[in-house]
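Each chain is listed here by its residues.
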Amino acid sequence: SGGAAAYPSATTPTSINLTVESGVEYLGNDFGRNYSGSIGDRIWNDANDDGIQTAGELGIAGVTVQLYASNGTTLLATTATDSTGTYSFPGLANGDYVVKIPASNFAPGGPLNGFTASGEGDPGTPCSGLPGGVCDNAISATVSGGAANNSADFGYFGAGHTVSGTVFDDLD
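Just so you know, these numbers come straight off a predicted model, no measurement behind them.

Undergrad: How should the environment of Gly 51 be read in this particular structure?
TA: Inspection of the secondary structure assignment puts Gly 51 in the loop between β1 (37-45) and β2 (64-69). For Gly 51, a relative accessible area of 0% corresponds to the buried category. With 71 residues separating them along the chain, Gly 51 and Asp 122 place their C-alpha atoms 9.9 Å apart. The contact partners of Gly 51, leaving out residues within four places of it in the chain, are Trp 44, Asp 46, Ser 118, Gly 119, Pro 123, Gly 124, Thr 125 and Pro 126.

Undergrad: Which parts of the structure should I look at to understand the confidence of the model for the protein chain?
TA: Detail in the predicted coordinates should be disregarded across regions flagged by low pLDDT. Averaged over the protein chain, the pLDDT score is 85; the fraction of residues at 70 or greater is 84%. Ranking the elements of the protein chain by mean pLDDT puts strand β7 (residues 125-126) last with 91 and β2 first with 98. Low confidence marks residues 1-7, where pLDDT is under 50. Its contacts with residues over four positions away, or in another chain, come to 17 contacts.

Undergrad: Looking at this structure, how should I read the pairing of β1?
TA: Regular strands place side chains that alternate from one sheet face to the opposite one. With 7 of 9 residues buried, β1 lies mostly within the body of the structure. Sheet topology note: the β1/strand β10 (residues 154-157) ladder contains 3 bridges and is parallel. Counterpart to Ile 43 in the pairing with β10 is Phe 154.

Undergrad: Explain the pairing of strand β5 (residues 95-100) to me, please; I cannot follow it from the model alone.
TA: Note that β2 and β5 share 4 bridges and pair antiparallel. Bridge pairing in β5 places Leu 67 opposite Val 99. Pairing between β5 and strand β8 (residues 138-143): 6 bridges, direction antiparallel. For Asp 96, the partnering residue across the bridge sits in β8 and is Thr 142.

Undergrad: Explain the sheet that holds β5 here, please?
TA: The strands that make up a sheet pair up through hydrogen bonds in the backbone, lying either parallel or antiparallel. Judged by pairing direction, the sheet is antiparallel, and its 4 strands sit side by side in the order β3-β2-β5-β8 without closing on themselves. Two strands in the sheet have a free side with no partner beyond their single neighbour: β3 (75-80) and β8. On average, each strand axis in the sheet is tilted by 25 degrees relative to the strand beside it, whichever way the strands run.

Undergrad: Quick question: what am I supposed to make of the side chain of Gln 66 here?
TA: Structurally, the position occupied by Gln 66 is in strand β2. Here the side chain of Gln 66 touches Tyr 68 through a polar contact of 2.9 Å, side chain to side chain. Setting aside chain neighbours within four positions, we find Gln 66 in contact with Leu 75, Ala 77, Thr 78, Phe 89, Val 98, Val 99, Lys 100 and Pro 102.

Undergrad: Explain the environment of Leu 92 to me, please; I cannot follow it from the model alone.
TA: Within the secondary structure, Leu 92 sits in strand β4 (residues 86-92). The class for Leu 92 is buried, based on a relative accessible area of 0%. Distance in space between the C-alpha atoms of Leu 92 and Ala 147 is 9.2 Å, their sequence separation being 55 residues.

Undergrad: Whenever I open this one, the packing of aromatic side chains confuses me. Can you help?
TA: Aromatic ring pairs are reported here in terms of the distance separating the ring centres and the angle at which the planes meet. Counted by the stated rule, this structure contains 2 aromatic pairs. Taking the centre distance of 5.9 Å and the plane angle of 70 degrees together, the rings of Tyr 87 and Phe 89 count as edge-to-face. Above the face of the Tyr 68 ring, Lys 100 is positioned so that its terminal group lies 4.4 Å from the ring centre.

Undergrad: Please explain the side chain of Thr 81 as it appears in this structure.
TA: Along the chain, Thr 81 falls in the loop between β3 and β4. The exposure class assigned to Thr 81 is buried, which follows from its relative accessible area of 7%. A distance of 2.8 Å separates a polar side-chain atom of Thr 81 from the backbone oxygen of Ile 60. Aside from chain neighbours lying at most four places away, what touches Thr 81 is Ile 43, Ile 60, Ala 61, Gly 62, Val 63, Val 65, Thr 86 and Tyr 87.

Each value, and the rule that gives it
- Residues numbered from 1 in each chain as written.
- Predicted model: local features only at pLDDT ≥ 70, side-chain atom pairs only at ≥ 80, totals over all residues.
- Heavy atoms only, no water.
- Helix = DSSP H or I, 4+ residues; strand = E, 2+ residues; numbered from the N terminus.
- Buried < 20%, exposed > 50% of the residue type's maximum accessible area, 1.4 Å probe, protein only.
- Contact = heavy atoms within 4.5 Å.
- pLDDT = per-residue confidence, 0-100.
- Pairing = 2+ DSSP bridges.
- Axes fitted to C-alpha atoms, helices over the stretch in contact; angles between N-to-C directions.
- Polar contact = N/O pair within 3.5 Å; in protein donor to acceptor, adjacent residues only side chain to side chain.
- Phe/Tyr/Trp six-rings, centres within 6.5 Å; stacked < 30°, edge-to-face > 60°.
- Lys NZ or Arg CZ within 6 Å of the ring centre and 35° of its normal.

Below you can see the structure in the form of structure tokens.
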């Protein structure tokens, strides 16, 4: 989903043709590499602003999410959340990565315009409980053993959103 991925695909060669010569070392002829890990999960509307995902809090659709190498500067892939706020970066090798929510999401017309970060992780840690007491729209995540890491969640509170109208008793 989203842009082209720069990380390895899940396919591996099934054979390699080479002529072996005495005294020559042949590197890079590997089999069985496992690129079956993934990182992802959910961007949610933290309606009660507690930084923790609770029942009934809906996902936020259309949020751009970026995957970076462990250095936090080498962009590997970009995707967007689906209608339930869910996203995933599949086909990852074991290693450390950084998931970021780019600032463009907060611009006028963006899916997070008017929202502020309230929590990170699954089920969530309030921003006040994170190092420095601040959510920075980035989470470090590790893939190990080809498993799925579904703890890269981000919560946002829609401060300033109001509902207005007239309440009346309709007697007929």
